[in-house]
Amino acid sequence: MARISRKELKTDKFALEVENTFTFFEDHQKEILRYGAIAVGVALLVTGILMYQRRQHSAREAALAKAIQVQEANVTTAAAPGTLAFPTQEAKDAAAIKVFTDLRNQYPGSTEAEIAGYYLGAIQADQGKLAEAEKNFQEVAQKGDARYSSLAKLSLSQIYFTDGRMDQAEKVLRDLMAHPTIFVSKDQAAIALARGIMLKKPAEARKLLDPIKTEPGSAGEVALTLYGEIPPQ
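Because the structure is predicted, anything quoted here is derived from the model rather than measured.

J.: An account of the packing of helix H9 (residues 186–197) against helix H10 (residues 202–209) is needed here, citing residue identities and associated values.
T.: Where H9 meets H10, the closest approach of the two axes is 8 Å, and the angle between their N-to-C directions is 160°. By the angle between their axes, H9 is roughly antiparallel relative to H10. Of the two elements, H9 crosses H10, and the hand of that crossing is left-handed. Of the residues in H10, those in contact with Ala190, Ile191, Leu193, Ala194 and Ile197 of H9 are Pro202, Glu204, Ala205, Leu208 and Leu209. Class assignment of the residues belonging to the contact of H9 with H10 gives a composition of nine nonpolar, no polar and one charged.

This is the structure we're talking about:
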């Protein structure tokens, strides 16, 4: 199955420049592919029920794979034979929105539906449709499990910053710092917060980045670079 990349998860406009950002199917494949664990009573654990649930699992997984394939397709008028491609970004977005919407509507409450909802928000954010993106991110943030909820909240914080809702963005990011997940680390949330407040609260931004900028790895590099961009007090 195709992986979901950092670019696709966070969107071009709202991505943090942290190269160790977690990805769905690359860094945590076992976690992500653990779709819809069966949790039914012993009385229901009969062969027919199990076979039905396995078929549903396969159908959801196949639907998600198909939707991701659309989202990852190239935009070109000279596609190789047998390669999925779209002549314009608008055509690709329309197709992606349709397949992700169909998936979410067909399998409500599933992990795949959560991922579809996040994708819909990401596509809409890249289109500049922030109100629609916010609605989809809110739904995942409120109804998804902690992992997908944290991703949705991170994206919501960027929309809040864009709209000038500084207090809301800061509240969301501080909550993510206090409750990190495998998809959104404490450092990621802190860097996002520092970036969002550095013009109005440079001292606070430095305080957030101080413990990160000396860490080895790309998170430390990004924090150090951002630290140098903070305006003087």
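Continuing now.
J.: Account for the layout of surface pockets, with residues named and values stated.
T.: Here the second largest pocket is characterised by a volume of approximately 200 Å³. Surrounding the second largest pocket, 13 residues form its lining, Gly109, Ala113, Glu114, Glu139 and Lys143 being those nearest its centre. Contributing elements (two or more residues each) for the lining of the second largest pocket: helix H4 (89–106), helix H5 (111–126) and helix H6 (130–143). Of the residues forming the lining of the second largest pocket, the biggest block, four residues, is contributed by H6.

J.: Go over H9, please, and point to the residues and values.
T.: In a regular helix each residue adds 1.5 Å, so twelve residues correspond to 16 Å; H9 covers 17 Å between its end C-alpha atoms and thus fits that length. When you tally the buried positions in H9, you get nine out of twelve residues, the bulk of the element. What H9 keeps buried is the set Asp187, Gln188, Ala189, Ala190, Ile191, Ala192, Leu193, Ala194 and Ile197.

J.: Tell me what's going on with helix H7 (residues 146–162), and back it up with residues and numbers.
T.: Over its 17 residues, H7 extends 24 Å from the first C-alpha to the last, a length consistent with the 24 Å expected when each residue adds 1.5 Å. The element H7 is largely enclosed, with a buried count of 14 among its 17 residues. Positive backbone phi, approximately 85°, marks Gly164, located one or two places after H7.

J.: Tell me about the packing of H7 against H9, and please be specific about residues and values.
T.: For the pair H7 and H9, interaxial distance at closest approach is 11 Å and the crossing angle is 5°. When the axis of H7 is compared with that of H9, the two are roughly parallel. Here Leu154, Gln158 and Phe161 of H7 come into contact with H9, specifically with Ala192, Leu193, Gly196 and Ile197. Each residue belonging to the contact of H7 with H9 can be placed in one class, and the counts come to five nonpolar, two polar and no charged.

J.: Can you break down the pattern of salt bridges residue by residue, with the values?
T.: Evaluation of the coordinates by the stated rule reveals eleven salt bridges. Between Arg174 and Glu170 there is a salt bridge, and its shortest N-O distance comes to 3.1 Å. Here the residue Arg174 and the residue Glu170 both occupy positions in helix H8 (residues 166–178), the gap between them amounting to four residues, near one helical turn. Overall, Arg174 belongs to the partly exposed group, its relative accessible area being 32%. Residue Glu170 is classed as buried on the basis of its relative accessible area of 14%.

Reading guide: rules and limits
- Residues numbered from 1 in each chain as written.
- Predicted model: local features only at pLDDT ≥ 70, side-chain atom pairs only at ≥ 80, totals over all residues.
- Heavy atoms only, no water.
- Axes fitted to C-alpha atoms, helices over the stretch in contact; angles between N-to-C directions.
- Helix = DSSP H or I, 4+ residues; strand = E, 2+ residues; numbered from the N terminus.
- Parallel < 35°, antiparallel > 145°, perpendicular 65-115°, else oblique.
- Left-handed = near helix turned anticlockwise from the far one by under 90°.
- Contact = heavy atoms within 4.5 Å.
- Nonpolar A, V, L, I, M, F, W, Y, C, P; charged D, E, K, R; others polar.
- 1 Å grid on protein atoms, 1.4 Å probe; cavity = no way out; pocket = protein on both sides within 12 Å on 5 of 7 lines; lining within 4 Å.
- Points joined across faces, edges and corners; volume = space filled by probe spheres on them.
- Expected span 1.5 Å × (residues − 1).
- Buried < 20%, exposed > 50% of the residue type's maximum accessible area, 1.4 Å probe, protein only.
- Salt bridge = Lys/Arg side-chain N within 4 Å of Asp/Glu carboxyl O.

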